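# Architecture and fold: a report
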Amino acid sequence: MNLTYLSEDNTIAQKLLNRINSEIDHNINFMEVCGTHTMAISSSGIRPAVDKRLKLLSGPGCPVCVTSQEDIDWAISLAEQKDVVIVTFGDMMRVPGSESSLEKAKAKGSDIRVVYSALDGLKIARTEQPKKIIFLGVGFETTAPTVAAAVILAKENKINNFFVLSLFKLIPPALRKIAAAPELKIDGFILPGHVSTIIGSEPYEFLPKDFNQPCVIAGFETLDILQAIYLLINQLKKLPKVEIQYRRSVKPEGNIQAQKMMNQVFRAADSNWRGIGQIKKSGLVFNPEFKDFDANIQFGLKPKKAKINPACRCGDVLLGLIIPPECKQFAKGCTPEHPIGPCMVSSEGACAAYFKYEWLSHRRD
Amino acid sequence: MHRLIKELFLKYFNNPILARLEDSAEVTEPQLKKRIAFTTDSYVVQPIFFPGGDIGKLSICGTVNDLAVKGAEPKYLSASFIIREGFPFNDLERICQSMAKEARIAKIKIVTGDTKVIERSAQAEIYITTSGIGIYPPEADKYHLGAENIQPGDSVLINGRIGEHETAIILARGQFEFKADIKSDCAPLNHLIANLLKTSNRIRMMRDPTRGGLATTLNEMAEATNLGIIIDETKVLIKPEVKGICELLGFDPLYFANEGKVVIIAARSEEKKLLAKMRRNQLGKNANVIGKVVKQPKGVWVKTKLGSTKPLLMLEGQQLPRIC
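Reference entry: report on the structure contained in this document. Please read all numbers here as calculations on a predicted model, not as lab measurements. (Residues numbered from 1 in each chain as written. Chains lettered and ligands numbered in written order. Predicted model: local features only at pLDDT ≥ 70, side-chain atom pairs only at ≥ 80, totals over all residues. Heavy atoms only, no water.)

### So, the pattern of salt bridges
In a structure, side chains of opposite charge can pair up when their charged atoms sit close to one another. Evaluated as defined, the whole model comprises 31 salt bridges over all chains. The salt bridge involving Glu-128 of chain A is made with Lys-131 of chain A; its shortest N-O contact spans 3.4 Å. For Glu-128 of chain A, a relative accessible area of 23% corresponds to the partly exposed category. What makes Lys-131 of chain A partly exposed here is its relative accessible area of 30%. A salt bridge links Arg-3 of chain B to Glu-7 of chain B; the nearest nitrogen and oxygen atoms lie 3.3 Å apart. One end of the pair, Arg-3 of chain B, and the other, Glu-7 of chain B, are both in helix α1 (residues 2-13), 4 residues apart, so they sit about a helical turn from each other. For Arg-3 of chain B, a relative accessible area of 46% corresponds to the partly exposed category. (Salt bridge = Lys/Arg side-chain N within 4 Å of Asp/Glu carboxyl O. Buried < 20%, exposed > 50% of the residue type's maximum accessible area, 1.4 Å probe, protein only. Helix = DSSP H or I, 4+ residues; strand = E, 2+ residues; numbered from the N terminus.)

Printed below as a string of structure tokens:
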């Protein structure tokens, strides 16, 4: 795989920034849906550089953040079963459940390992039989196809000790819920680049059509995000539509092959989002012909009602209702070292992004 | 790690020398009439061979650099090996050859050592611990290295691009299927640093930004001085491949370990001299002034390419790759 990088020319970024700032003449709220965008906006210093009247609000696109507490507790109880190895992305380790986290469960003796893809989990299943390997299927349309590929491979190779706990979430149904919320004032969406690489631009068409929302699918570099903001501001004066700024990766039809794999293994079902609640057809469950790999069916354990910490306002952060410093716990009871909510843990979490890059005053004391 | 050092090790081992928590300790005995620097470090890198180096080369360079940044001339080293039963002799020989080569380049002698063999069930194949003794040259009395000498207005310099060692290690682990031509920057810096100290006696402090990277080192420097440091994002050079890999995985190269870099804080008047000297050396050809020391705000700050400012914090735990 070859890596390329966008122009490093600062004058382009500066020109784009000047144009954006000259166009802003009233209060505007845009939501960046994806957690990676939130991190990029914070770390590149875009927020303090744009006119104060433009507010960039984080959305629900942080996979770890939207995983419900019930599901974390569920994963921990699976890890406590005999001969079970939980394999997971590292970002999940420190997310607090009701009383514990995967990291704490590991310290107590559960076999929990960090991997970089579901295929790593499959490798462990091959070499460590008869242990039962459960991969925590966390993520959006971006991650689901590669996990589907691992499941298909496991079926072809008759590997019967590899399972997936499917906690996948789908982005468009969550955006519908956000766009339909009466209390929300959003003037446009910066749509996720990686998710859209898989699903294309079509699944977002309801946003301009039904909700009159301008949309731009954006890449992750400073120039990408600035250009997306510029395109959104221009759309405000015209008929809204879904535009693709991240053309070097996203095609309108998306990645057909990846979609096929995902649909072969999974189908949409209702899902519980942390801090947001149930959203119709916003998760993925296994199709019947792959039920042998479904940890939900094969282990019989079911999630129990979680203890929710009422002080945590991650849900409001994920819906763009507040920005992280508006939560009373931010940087006081809740810090990256002692997180209360997942948004302070994840490398894509809005609270972590604000804490790391934008919460200036605490250092100026 | 910081808490462990402060709340456990310092609690039980505390003395004025240790309490400085510097890369190496000055352990001068008056009757010796020489000032002596002493340091130790253990090397546990995985994989043990990687582009640009191996665990042996690292074990020499790391300890040499810890002595050099304090202004001492590295002289003697001990090397202690913990080897897993069954570790291939050829690999061990390769590691020793590489240690011998680096010791020659750094002009130090390995004068004592130890070997222990541990059982096969151990996870790692080999660990190396090296301790080093350095002697301060006579001219060392002319330069005053230490956080207490840093003043607002001083310049912050580094001898080249950052993030290459850790990127090389990540790629060598083969967990991600990327291919990129990145080598570890692992190198002994003692000759370069000795040259700089001869060029200017207004260098205030030096540190090698190893684990935790440039961000952590700058934070430690700022904390030690109770002043602020502002660095200019556009002046910190990073290879496009390193940036690309960081972008893909959600890492920040400012926190990536380096093994051949030195951060220098010096009086602003010395900037040009020091840069010229560094750039003439192979190990400093991409040297740059990356920032300055300020009275306010305290802590470490980055001026972004958009002209805005953001804080650069100490890292909590390790960086983990993002999910999507």
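Now that the structure is up, let's keep going.
### Quick look at the pairing of strand β7 (residues 188-191) of chain A
Residue and element names in this part refer to chain A. Both faces of β7 are covered, namely the face carrying Gly-188 and Ile-190 and the face carrying Phe-189 and Leu-191. Pairing geometry for β7 and strand β8 (residues 215-217), over 3 bridges, is parallel. Paired with Leu-191 across the strands is Ile-217, a residue of β8. (Pairing = 2+ DSSP bridges.)

### Comments concerning the side chain of Glu-270 of chain B
Residues and elements named next belong to chain B. Relative to the assigned elements, Glu-270 resides in the loop between β11 (263-266) and α8 (271-279). A relative accessible area of 7% places Glu-270 in the buried class. Within polar-contact distance, the side chain of Glu-270 engages the side chain of Ser-269 at 3.0 Å. Beyond its immediate chain neighbours, meaning those up to four positions away, Glu-270 contacts Ser-200 and Arg-202. (Polar contact = N/O pair within 3.5 Å; in protein donor to acceptor, adjacent residues only side chain to side chain. Contact = heavy atoms within 4.5 Å.)

### Points about the state of the cysteines
Applying the stated criterion across every chain, the model contains 1 disulfide over all chains. Sulfur-sulfur distance for the disulfide between Cys-62 of chain A and Cys-65 of chain A comes to 2.1 Å. Handedness here is read from the sign of the S-S torsion; for Cys-62 of chain A and Cys-65 of chain A, about 65°, the answer is right-handed. Overall, Cys-62 of chain A belongs to the buried group, its relative accessible area being 3%. With no disulfide of its own, Cys-314 of chain A has Cys-343 of chain A as its nearest cysteine by sulfur position, at a separation of 3.1 Å. Note on Cys-314 of chain A: relative accessible area 5%, which makes it buried. Counting only cysteine sulfurs, Cys-34 of chain A is the nearest neighbor of Cys-246 of chain B, a cysteine outside any disulfide, at a range of 17 Å. By relative accessible area, which is 2% here, Cys-246 of chain B ends up buried. (Disulfide = S-S within 2.5 Å.)

### Quick look at the interface of chain A and chain B
Taken together, the 45 residues of chain A in the interface contact 38 residues of chain B. At the boundary of chain A with chain B, total buried surface from both sides reaches about 3600 Å², with 61% on carbon and sulfur atoms. Run the count over chain A and chain B and you get 1 salt bridge. Of the charged contacts, one joins Arg-3 of chain B and Glu-337 of chain A as a salt bridge, the two residues approaching to 3.2 Å between their closest N and O atoms. (Buried area = accessible area lost by both parts, 1.4 Å probe.)

### Observations concerning the sheet that holds strand β6 (residues 162-166) of chain A
All names here are of chain A. In space, the 4 strands of this open sheet follow the order β4-β3-β5-β6, with parallel pairing throughout. Across the chains shown, the open sheet's two edge strands, defined by having one partner strand only, are β4 (111-114) and β6. Direction aside, neighbouring strands of the sheet carry axes that sit 25° apart on average. Bridge analysis of strand β5 (residues 132-137) against β6 gives 5 bridges, and the strand direction is parallel. Paired with Ile-134 across the bridge in β6 is Phe-163. Taken strand by strand, helix α5 (residues 69-79) contacts β3 (84-88), β4, β5 and β6, and its axis lies near 140° from that of β3. (Axes fitted to C-alpha atoms, helices over the stretch in contact; angles between N-to-C directions.)

### A word on the side chain of Lys-169 of chain A
All names here are of chain A. Positionally, Lys-169 belongs in the loop between β6 and α9 (171-180). Although Lys-169 lies buried, it forms no salt bridge, and the closest oppositely charged side chain, Asp-71, sits 4.3 Å away as judged by the N-O distance. Among the polar contacts made by the side chain of Lys-169, one reaches the side chain of Ser-271 at a distance of 3.1 Å. (Lys, Arg positive; Asp, Glu negative; His and termini not counted.)

### Regarding the packing of helix α8 (residues 144-156) of chain A against helix α13 (residues 256-265) of chain A
When two helices pack together, their arrangement is given by the angle between their axes and by how far apart the axes lie. Residue and element names in this part refer to chain A. As a packed pair, α8 and α13 sit with axes 8 Å apart at the nearest point and diverge in direction by 60°. In terms of orientation, α8 and α13 fall into the oblique class. Crossing of α8 against α13: the hand is left-handed. From α8, Ala-144, Pro-145, Ala-148, Ala-149, Val-151 and Ile-152 reach across to α13, where they touch Ala-258, Met-261, Met-262, Gln-264 and Val-265. (Parallel < 35°, antiparallel > 145°, perpendicular 65-115°, else oblique. Left-handed = near helix turned anticlockwise from the far one by under 90°.)

### What to know about the packing of helix α7 (residues 118-127) of chain A against α8 of chain A
Residue and element names in this part refer to chain A. Running from N to C, α7 and α8 cross one another at 25°; their axes reach a closest spacing of 8 Å. By the angle between their axes, α7 is roughly parallel relative to α8. From α7, Ala-118, Leu-119 and Leu-122 reach across to α8, where they touch Val-147, Ala-150, Leu-153 and Ala-154. Split by residue class, the contact of α7 with α8 holds 7 nonpolar, no polar and no charged. (Nonpolar A, V, L, I, M, F, W, Y, C, P; charged D, E, K, R; others polar.)

### Quick notes on the packing of aromatic side chains
Ring pairs (aromatic) are described by centroid distance and by the angle formed between their planes. Going through the model one piece at a time under the given rule, you end up with 10 aromatic pairs over all chains. Put simply, the rings of Phe-168, Phe-266 and Phe-286 of chain A touch in pairs and so form one group of aromatic residues. Lying across the ring of Phe-206 of chain A, Arg-176 of chain A places its NZ or CZ 4.3 Å from the centre. One residue, Arg-35 of chain B, lies across the ring of Tyr-136 of chain B, its end atom 4.4 Å from the ring centre. (Phe/Tyr/Trp six-rings, centres within 6.5 Å; stacked < 30°, edge-to-face > 60°. Lys NZ or Arg CZ within 6 Å of the ring centre and 35° of its normal.)

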